[in-house]
There are 2 protein chains.
Amino acid sequence: MRVLGVDPGLTRCGVGVVEGVAGRPLTMVGVGVVRTPADADIGHRLVAIEQGIEQWLDEHKPEYVAVERVFSQHNVRTVMGTAQASAIAMLCATRRGLPVALHTPSEVKAAVTGNGRADKAQIGAMVTRLLRLDARPKPADAADALALAICHIWRAPAVNRLQQAQAAHRQAQTLARKATR
Amino acid sequence: MRVLGVDPGLTRCGVGVVEGVAGRPLTMVGVGVVRTPADADIGHRLVAIEQGIEQWLDEHKPEYVAVERVFSQHNVRTVMGTAQASAIAMLCATRRGLPVALHTPSEVKAAVTGNGRADKAQIGAMVTRLLRLDARPKPADAADALALAICHIWRAPAVNRLQQAQAAHRQAQTLARKATR
């Protein structure tokens, strides 16, 4: 499976494409950052992020898109920008019919380092090792995007089983509701 | 001037189009709500909001789009959804080259009721009066969208003067920098 990981942000939106399956060595297909100028107005920044993400989707044709799930952070201003950039990434993927998965920062850290509270350096080191790269991807947002893609590939079997169980549960509920009418 | 006001939200995104100029009676061109199902996944909800906003832009051809500025609220989950829906509205407008303005809830309340802490009922009552409607627009999100559009029309002269002053200041700074090189 080929996954585009997106570490959303208005100033730097990390993007990384990884190909592989759980249990086999993974390959980096591409990595980069979509940047928008901090002094541009928000509408133009969002349009630039849309164009950047579209370009990555066109060029690397991922089958899945994994986006970092935005949580409350200390800085509310940053949360807004992150939420807005993530909305654009999810919009672009869904418009093309690509499944979007959200992973929390601690899920990503736990997946690639075994420690849900790992620091940036540790994530960068593990991404470099897992993808057999010559140097650590920079900036950190680019490494984080690759970590998201790796996390998605490794978690995919478990997530699929969970989704199947949830779908079966919903179907059972619907049948039960119909039966009691 | 014709303004589309957007009160952003994932479940209910209020939209209202108002035509007029400051100091003259205003006219409501249209009002409604773009809804997305709470149980749909976020990507599909964002695509539905994009389609809804595009339809309003196509149909009513506003010259300006006024979006509520999202602030920290008590419920972080709500803030995220609001920020994401507002990103889609700003994206759609900017892609068409329409100027986007952000107004805070208290600016809107102060503009239409004279009180920055007015409640929903007061805003609904004033919107009904100012647009000479037969009944109060429902739900509250629809009335809020009209209030945003009214606020934008009334604040436009002041905002334009401010933007002109800022542009002049930036130009003066650039000239000063060039002069000292």
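Every value quoted in this text rests on a predicted model; they were computed, and no experiment measured them.

Draft legend 1. Examining the UniProt feature "binding site: Mg(2+) 1" (unreviewed entry) in chain A more closely. Residue and element names in this part refer to chain A. Within the UniProt annotation, "binding site: Mg(2+) 1" (unreviewed entry) is assigned to D7 and D141. In summary, the annotated positions, though distributed over 135 residues, converge in three dimensions, the widest C-alpha pair being only 6.1 Å. Take D7: it is sitting in strand 1 (residues 2-7). The class of D7 is buried, set by a relative accessible area of 8%.

Draft legend 2. Region of interest: the relation of the copies chain B and chain A. Overlaying chain B on chain A yields an RMSD of 0.2 Å, the required transformation being a rotation through 180 degrees with an accompanying axial translation of 0.1 Å. Within this description, the copies of the chain are treated as partners about a two-fold rotation axis. When C-alpha distances to the rotation axis are compared across chain B, the minimum falls at Q84(B), with a value of 2.5 Å. Interface overlap between copies is the fraction of interface residues in one copy that are interface residues in the other; for chain B against chain A it reaches 100%, indicating a shared surface.

Draft legend 3. Region of interest: helix 3 (residues 105-113) of chain B. Residue and element names in this part refer to chain B. Residues of helix 3 that are buried include every one of V108, V112 and T113, and no others. One side of helix 3 holds all its buried residues, which, seen down the axis, span an arc of 95 degrees. With its phi angle positive at about 85 degrees, G114 sits one or two positions after the end of helix 3.

Draft legend 4. Broad picture of the packing of helix 3 (residues 105-113) of chain A against helix 4 (residues 120-130) of chain A. Residue and element names in this part refer to chain A. Closest axis-to-axis distance for the helix 3/helix 4 pair is 9 Å, and the angle between their directions is 50 degrees. Between helix 3 and helix 4, the angle falls in the class oblique. Once helix 3 is placed against helix 4, the crossing between them reads as left-handed. Residues K109, V112 and T113 of helix 3 pack against Q122, I123, M126 and L130 of helix 4.

Draft legend 5. Structural view of the pattern of salt bridges. With the rule as written, the count across this model stands at 18 salt bridges over all chains. D144(B) is the partner of K120(B) in a salt bridge, and the nearest nitrogen-oxygen pair spans 2.5 Å. Highlighted residues: K120(B) in helix 4 (residues 120-130) and D144(B) in helix 5 (residues 140-180), separated in sequence by 24 residues. Classification of K120(B) as exposed rests on a relative accessible area of 52%. Taking the relative accessible area as the measure of exposure, D144(B) reaches 9% and is therefore buried. When salt bridges with common partners are traced through the structure, they connect E50(A), E54(A), D58(A), R95(A), R96(A), E50(B), E54(B), D58(B), R95(B) and R96(B) into a single cluster.

Draft legend 6. Inspection of the UniProt feature "active site" (unreviewed entry) in chain A at higher detail. All names here are of chain A. In the numbering used here, UniProt assigns the "active site" (unreviewed entry) feature to D7, E68 and D141. Those residues within four positions of D7 in sequence are excluded, and the remaining contacts are R12, C13, G14, E68, D141, D144, A145 and L148. Tracing the backbone through its elements, the reader meets D141 in helix 5 (residues 140-180). Dropping the residues within four chain positions of it, D141 is found in contact with D7, R12 and G14. Within polar-contact distance, the side chain of D141 engages the side chain of R12 at 3.0 Å.

Analysis parameters
- Residues numbered from 1 in each chain as written.
- Chains lettered and ligands numbered in written order.
- Predicted model: local features only at pLDDT ≥ 70, side-chain atom pairs only at ≥ 80, totals over all residues.
- Heavy atoms only, no water.
- UniProt positions renumbered as here; feature names shortened; annotations may be inferred.
- Helix = DSSP H or I, 4+ residues; strand = E, 2+ residues; numbered from the N terminus.
- Buried < 20%, exposed > 50% of the residue type's maximum accessible area, 1.4 Å probe, protein only.
- Least-squares fit on C-alpha atoms with pLDDT ≥ 70 in both.
- Contact = heavy atoms within 4.5 Å.
- Arc of directions from axis to C-beta.
- Axes fitted to C-alpha atoms, helices over the stretch in contact; angles between N-to-C directions.
- Parallel < 35°, antiparallel > 145°, perpendicular 65-115°, else oblique.
- Left-handed = near helix turned anticlockwise from the far one by under 90°.
- Salt bridge = Lys/Arg side-chain N within 4 Å of Asp/Glu carboxyl O.
- Polar contact = N/O pair within 3.5 Å; in protein donor to acceptor, adjacent residues only side chain to side chain.

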